[in-house]
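Here's the letter readout for the chains.
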Amino acid sequence: MRAIIIALAALPLLTGCFSAVKSVVTAPVKAVGQVADWTTTSQDESDRNRGREMRQREEQLGKLSRQRDKAAEKCQGGNEEQCQRAEVLEHEIEALMAAPR
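Please read these numbers as outputs of a predicted model, since none were measured by experiment. (Residues numbered from 1 in each chain as written. Predicted model: local features only at pLDDT ≥ 70, side-chain atom pairs only at ≥ 80, totals over all residues. Heavy atoms only, no water.)

(A) Up close: the state of the cysteines. According to the stated counting rule, one finds one disulfide in the structure shown. Here Cys-75 is linked by a disulfide to Cys-83, with a sulfur-sulfur distance of 1.7 Å. Taking the sign of the S-S torsion, about 90 degrees here, the bridge from Cys-75 to Cys-83 comes out right-handed. (Disulfide = S-S within 2.5 Å.)

Written as structure tokens, this is what we have:
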């Protein structure tokens, strides 16, 4: 009878032990899962990154186009240096458009 009372009294104390054992056992699994999350890119992240790259590329193309247009305008005014600059900018635009995406 005494053993049963002691066992029942100790039962609440053992729940803490079971919780600790559970934490120790599941920790490696959680660690592996976290590493997998850190090393892989989700489709959503991939899409966001792709969209960001496309916007940056379009901004760069727009900037180069504006610079080329200004240089071409000054070239028509007789400025030979600006004619060369417009040509260089045109080549930069072509190279950027031909670059793999």
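(B) How the structure looks around the environment of Gln-84. Mapped onto the secondary structure, Gln-84 falls in helix α3 (residues 80–98). Considering only alpha carbons, one finds Gln-84 and Ala-71, 13 residues apart in sequence, at a separation of 8.5 Å. (Helix = DSSP H or I, 4+ residues; strand = E, 2+ residues; numbered from the N terminus.)

(C) Molecular detail of the side chain of Gln-82. Locating Gln-82 in the fold gives a position in helix α3. When sequence neighbours within four positions are dropped, the list of residues in contact with Gln-82 reads Ala-71, Lys-74 and Cys-75. (Contact = heavy atoms within 4.5 Å.)

(D) Inspection of the side chain of Arg-57 at higher detail. Its location among the elements puts Arg-57 in helix α2 (residues 43–76). Buried and unpaired, Arg-57 has Glu-58 as its nearest opposite-charge partner, separated by 6.6 Å. The contact partners of Arg-57, leaving out residues within four places of it in the chain, are Leu-96, Met-97 and Arg-101. (Buried < 20%, exposed > 50% of the residue type's maximum accessible area, 1.4 Å probe, protein only. Lys, Arg positive; Asp, Glu negative; His and termini not counted. Salt bridge = Lys/Arg side-chain N within 4 Å of Asp/Glu carboxyl O.)

(E) Focus on α2. Its 34 residues give α2 an end-to-end C-alpha distance of 49 Å, which sits within 8% of 50 Å, the value for a rise of 1.5 Å per residue. Looking only at α2, the buried set comprises Gly-51, Arg-57, Leu-61, Leu-64 and Ala-71. Residues of α2 that are buried in the fold lie against α3. Gly-78 sits one or two residues past α2 and shows a positive phi near 105 degrees. (Expected span 1.5 Å × (residues − 1).)

(F) Focus on the environment of Ala-71. For Ala-71, the position within the fold is in helix α2. Non-local contacts of Ala-71, meaning those with residues more than four positions away in its chain, are made with Gln-82, Arg-85 and Ala-86.

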